[in-house]
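Each chain, letter by letter, is given below.
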Amino acid sequence: MVRATQGQTPYQVKIVASGHDLLADEPPDNGGTNAGPNPFDYVLAGLAACTAITLRMYAQRKAWSGFDISVRLRHRIEGGSHLIDREVDVAGVPDAAGLERLRDIVERTPVTLALKGGFTISTALDVTKAGAKP
């Protein structure tokens, strides 16, 4: 469960995600104060974490020693489409077959599949809970 509430400045958002306090904001060129990552940074962070965790789980199941992973992501918009560039660096993969298997797995991590497939979002707007007057 994630809960977000208005922060101290116009675009700052206080977030509690599974009991962890986070902060989101927009950069100054979008009217924020850059007090935290912007919303798309959090999307990328989720994808990066899922990528690293999923590949680490596979490497542990295979008992690969010295396995290490680094993930870099960039969000961009081209022609109205949202694109994510993902670079994954790994060490400790024992052979070409293992590397090829990781190439397959990285495209099928849970967050990768959800982002590629799209989400169905159900929204309920309750102005009384938000403290606003109808």
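Preceding this paragraph is the structure being described.
On a predicted model such as this, the values are computed, not experimentally measured, just so you know.

Overview of unusual backbone geometry
- Notably, Ser18 is not glycine yet its phi reads approximately 50°, a positive angle.
- Structurally, the position occupied by Ser18 is in the loop between β2 (13-17) and β3 (20-24).
- In this structure, Ala63 takes a positive phi of about 60° despite not being glycine.
- Within the secondary structure, Ala63 sits in the loop between α1 (39-61) and β4 (68-78).
- Classification of Ala63 as exposed rests on a relative accessible area of 64%.

Notes on the pattern of salt bridges
- A full pass over the atoms with the stated rule returns ten salt bridges.
- Asp89 is paired through a salt bridge with Arg72; the nearest N and O atoms lie 2.8 Å apart. Of this pair, Asp89 sits in strand β5 (residues 81-91) while Arg72 sits in strand β4, placing them 17 residues apart in sequence.
- Under the relative-accessibility criterion, Asp89 is labelled partly exposed at 38%.
- According to the relative accessible area criterion, Arg72 is partly exposed, its value standing at 37%.
- For the salt bridge of Arg74 with Asp85, the shortest nitrogen-to-oxygen distance reads 3.0 Å.

Re the packing of aromatic side chains
- Applying the stated rule across the entire model yields two aromatic pairs.
- Measuring from ring centre to ring centre gives 5.6 Å for Tyr58 and Trp64, while their planes differ by 80°; the resulting arrangement is edge-to-face.
- Given the relative accessible area of 15%, Trp64 is considered buried.
- Measuring from centroid to centroid gives 6.0 Å for Trp64 and Phe67, while their planes differ by 45°, and the two rings are tilted. The same class applies to Trp64 as to Phe67, namely buried.

Here we look at the pairing of β4
- Two elements, β4 and β5, share eleven bridges in a ladder whose sense is antiparallel. Following the sheet pairing, Arg72 is matched in β5 by Glu87.
- The antiparallel hairpin formed by β4 and β5 contains two residues in its connecting segment, where Gly79 sits at a positive phi of about 55°.

Thoughts on the environment of Ile121
- Checked against the element boundaries, Ile121 lands in the segment after α3 (110-117).
- Residue Ile121 is classed as exposed on the basis of its relative accessible area, which comes to 70%.
- Distance in space between the C-alpha atoms of Ile121 and Val111 is 15 Å, their sequence separation being ten residues.

Re the sheet that holds β2
- What the three strands build is an open sheet, ordered β1-β2-β3; its pairing is antiparallel. The open sheet has two free edges, formed respectively by β1 (2-6) and β3, since each of these has just one partner strand. Averaged over all pairs of adjacent strands, the angle between their axes in this sheet comes to 25°, without regard to strand direction.
- For β2 and β3, the ladder comprises five bridges, and the chain directions are antiparallel. Bridging across to β3, Lys14 finds its partner in Leu23.

Rules behind the numbers
Residues numbered from 1 in each chain as written. Predicted model: local features only at pLDDT ≥ 70, side-chain atom pairs only at ≥ 80, totals over all residues. Heavy atoms only, no water. Helix = DSSP H or I, 4+ residues; strand = E, 2+ residues; numbered from the N terminus. Buried < 20%, exposed > 50% of the residue type's maximum accessible area, 1.4 Å probe, protein only. Salt bridge = Lys/Arg side-chain N within 4 Å of Asp/Glu carboxyl O. Phe/Tyr/Trp six-rings, centres within 6.5 Å; stacked < 30°, edge-to-face > 60°. Pairing = 2+ DSSP bridges. Axes fitted to C-alpha atoms, helices over the stretch in contact; angles between N-to-C directions.

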